[in-house]
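# Summary of structural features
Each chain, letter by letter, is given below.
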Amino acid sequence: QVQLVESGGGSVQAGGSLRLSCAASGRIFSINAMGWYRQAPGKQRELVASVTSGGTTNYADSVKGRFTFSRDNAKNTVYLQMNSLKPEDTAVYFCNADVQISTVPRRYAYWGQGTQVTVSS
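Here's a quick rundown of the structure. (Residues numbered from 1 in each chain as written. Predicted model: local features only at pLDDT ≥ 70, side-chain atom pairs only at ≥ 80, totals over all residues. Heavy atoms only, no water.)

Attention now goes to the state of the cysteines. Evaluated as defined, the whole model comprises one disulfide. Disulfide pairing is shown between Cys22 and Cys95; the S-S distance is 2.1 Å. What sets the handedness of the Cys22 and Cys95 disulfide is the S-S torsion sign, and at about -80° it is left-handed. Pair noted here: Cys22 is in strand β3 (residues 18–26) and Cys95 is in strand β9 (residues 91–100), with a separation of 73 residues, a long-range link. Take Cys22: its relative accessible area is 0%, and that puts it in the buried class. Cys95 sits in the buried class, given a relative accessible area of 0%. (Disulfide = S-S within 2.5 Å. Helix = DSSP H or I, 4+ residues; strand = E, 2+ residues; numbered from the N terminus. Buried < 20%, exposed > 50% of the residue type's maximum accessible area, 1.4 Å probe, protein only.)

Structurally, the position occupied by Asn32 is in strand β4 (residues 30–39). Taking the relative accessible area as the measure of exposure, Asn32 reaches 22% and is therefore partly exposed. Sequence spacing of Asn32 and Gly8 is 24 residues, and the spatial spacing of their C-alpha atoms is 23 Å. Here Asn32 is in contact with Val51, Thr52, Ser53, Arg71, Asp98 and Arg107, once residues within four sequence places are set aside. (Contact = heavy atoms within 4.5 Å.)

By size, the foremost hydrophobic cluster in this structure holds 30 residues, and its most contacted members are Trp36, Leu80, Met82 and Tyr93. Going through the elements one at a time, β1 (2–7), β3, β4, β5 (46–51), β7 (67–72), β8 (77–82), β9 and β11 (115–120) are the ones with two or more residues in this core. The biggest single contributor to this core is β9, with five residues. When residues no more than four places from it in sequence are discounted, the contact partners of Leu80 are Leu18, Arg19, Leu20, Trp36, Val48, Ala49, Phe67, Thr68, Phe69 and Tyr93. (Core = buried A, V, L, I, M, F, W, Y, C linked by side-chain atoms within 4.5 Å.)

Let us now look at the packing of aromatic side chains. Across all of its chains, the model carries one aromatic pair by this definition. Judged by centre distance (5.0 Å) and plane angle (65°), the rings of Tyr37 and Trp111 are edge-to-face. Pair noted here: Tyr37 is in strand β4 and Trp111 is in strand β10 (residues 107–111), with a separation of 74 residues, a long-range link. For Tyr37, a relative accessible area of 23% puts it in the partly exposed group. The ring of Tyr79 carries the charged tip of Arg19 above its face, separated from the ring centre by 4.1 Å. The ring of Trp111 carries Arg45 above its face, with NZ or CZ at 4.7 Å from the centroid. (Phe/Tyr/Trp six-rings, centres within 6.5 Å; stacked < 30°, edge-to-face > 60°. Lys NZ or Arg CZ within 6 Å of the ring centre and 35° of its normal.)

You will see that Asn76, though not glycine, has its phi angle at about 50°, which is positive. Phi is positive for Ser84, close to 50°, though the residue is something other than glycine. Looking at where Ser84 falls in the secondary structure, it is placed in the loop between β8 and β9.

Here we come to the side chain of Asp98. When you line up the elements, Asp98 lands in strand β9. Those residues in contact with Asp98, other than ones at most four positions away along the chain, are Ser30, Ile31, Asn32, Ala33, Arg107 and Tyr108.

This is the structure in structure tokens:
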């Protein structure tokens, strides 16, 4: 099995910063894409940022210029640096990874347990 463990959530005031981390471990042959999603109360889960194995990064329009996604392939860890946080960024943030677990070319999606980010005005 593959485990994704997130950390770094918390409560900040508007304009503040937080850095989320997500470490993947377990039966990993290779990791393709990884990403951060968020889900606010009463809303659907949405993509925040993602990066492919080739390094192509995508951001939701609402976070462009404020959030930075980075990836440490050697550690199977991704980070989300969140600056200039706004109350509307309040949500549970989930890490996602697209993982190949053996030499069989089939990938599986795994999710972390989520970490709460609360931004007060």
